[in-house]
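These are the residues of each chain, in order.
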Amino acid sequence: MSHITPAELALWQRGGLAHTLIDARRLAARQADGTEIAGGRWQDPALWLNWKDAVPNDALVVLYCAHGHELSQGLAAALRAMGVDARYLAGGIAAWKAAGAAVVALSS
């Protein structure tokens, strides 16, 4: 399974390298946390069949969930099977925060 570490994602972002960041947490987990990684967009994992075809396939796609387990790994595998260079964030947003990387408050 292809993954990216928080340190690698931070370097990718600082370097301005093209990528799509998808917050794939369940709505309740996302709202309870109240934060997100800047530059990402939330996609309801329960409705992935509705949005999967809109995911760009011309650059890296990084999916993250709360802890980098089933949700982001499963969605990354499904997108990879469709030909997308998709990776999950190892450890999810929890690891991102533990690494001291910045998060922003949810806008809505």
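Preceding this section is the structure that the text describes.
What comes next is a walk through the structure. What you are looking at is a predicted structure, and each value in this text was computed from that prediction instead of being measured.

Notes on the environment of Ala38
As for its placement among the helices and strands, Ala38 is situated in the loop between strand 3 (35–36) and strand 4 (40–42). Judged by its relative accessible area of 40%, Ala38 falls in the partly exposed class. Non-local contacts of Ala38, meaning those with residues more than four positions away in its chain, are made with Gln13, Leu21 and Val104.

With respect to the sheet that holds strand 1 (residues 3–4)
Strands sit in the order 1-6-5-2-4 across an open sheet of five strands; the sheet is parallel. Bordering the open sheet on either side are strand 1 and strand 4, each of which pairs with just one other strand. Where strand 5 (residues 60–64) meets strand 6 (residues 86–89), three bridges bridge the pair, whose relative direction is parallel. What sits directly across from Leu63, in strand 6, is Tyr88. In the packing of helix 1 (residues 6–14) onto the sheet, the strands contacted are strand 1, strand 2 (19–23), strand 5 and strand 6, and the crossing angle to strand 2 comes to about 130°. The strands touched by helix 4 (residues 70–81) are strand 5 and strand 6; relative to strand 6, the strand with the most contacts, the crossing angle is about 170°.

Topic: the nonpolar core
Across soluble globular proteins, you tend to see nonpolar side chains buried next to one another. Core analysis: the largest hydrophobic core is formed by twelve residues, namely Ile22, Ala24, Trp51, Val55, Val61, Leu63, Leu75, Ala76, Leu79, Val84, Ala86 and Tyr88. Elements represented by at least two residues in this core include exactly strand 5, helix 4 and strand 6. Per element, the largest residue contribution to this core is three residues, and it comes from helix 4. Excluding its chain neighbours within four sequence positions, the residues that come into contact with Val84 are Val55, Pro56, Asn57, Val61 and Leu79. Judged by nonpolar contacts, the second largest core, of eleven residues, contains Ala10, Leu21, Leu89 and Trp96.

Side note on helix 1
Those residues of helix 1 that fall on the buried side of the exposure criterion are Pro6, Leu9 and Ala10. Mapping the buried residues of helix 1 onto a view down its axis gives an arc of 100°, with all of them on the same face. What points out from helix 1, more than 90 degrees from its buried face, is the exposed set Ala7 and Leu11. Tucked into the core, helix 1 has its buried residues touching strand 1, strand 2, strand 5, strand 6 and helix 5 (92–98). Downstream of helix 1 by one or two residues, Gly16 has phi in the positive range, about 70°.

Focus on the environment of Ser72
Here Ser72 shows up in helix 4. The class for Ser72 is buried, based on a relative accessible area of 0%. The spacing of Ser72 and Trp96 is 24 residues in sequence and 14 Å in space, taken between C-alpha atoms. In this structure Ser72 touches Leu63, Tyr64, Cys65 and Tyr88, once residues within four positions along its chain are discounted.

Reading the values: the criteria
- Residues numbered from 1 in each chain as written.
- Predicted model: local features only at pLDDT ≥ 70, side-chain atom pairs only at ≥ 80, totals over all residues.
- Heavy atoms only, no water.
- Helix = DSSP H or I, 4+ residues; strand = E, 2+ residues; numbered from the N terminus.
- Buried < 20%, exposed > 50% of the residue type's maximum accessible area, 1.4 Å probe, protein only.
- Contact = heavy atoms within 4.5 Å.
- Pairing = 2+ DSSP bridges.
- Axes fitted to C-alpha atoms, helices over the stretch in contact; angles between N-to-C directions.
- Core = buried A, V, L, I, M, F, W, Y, C linked by side-chain atoms within 4.5 Å.
- Arc of directions from axis to C-beta.

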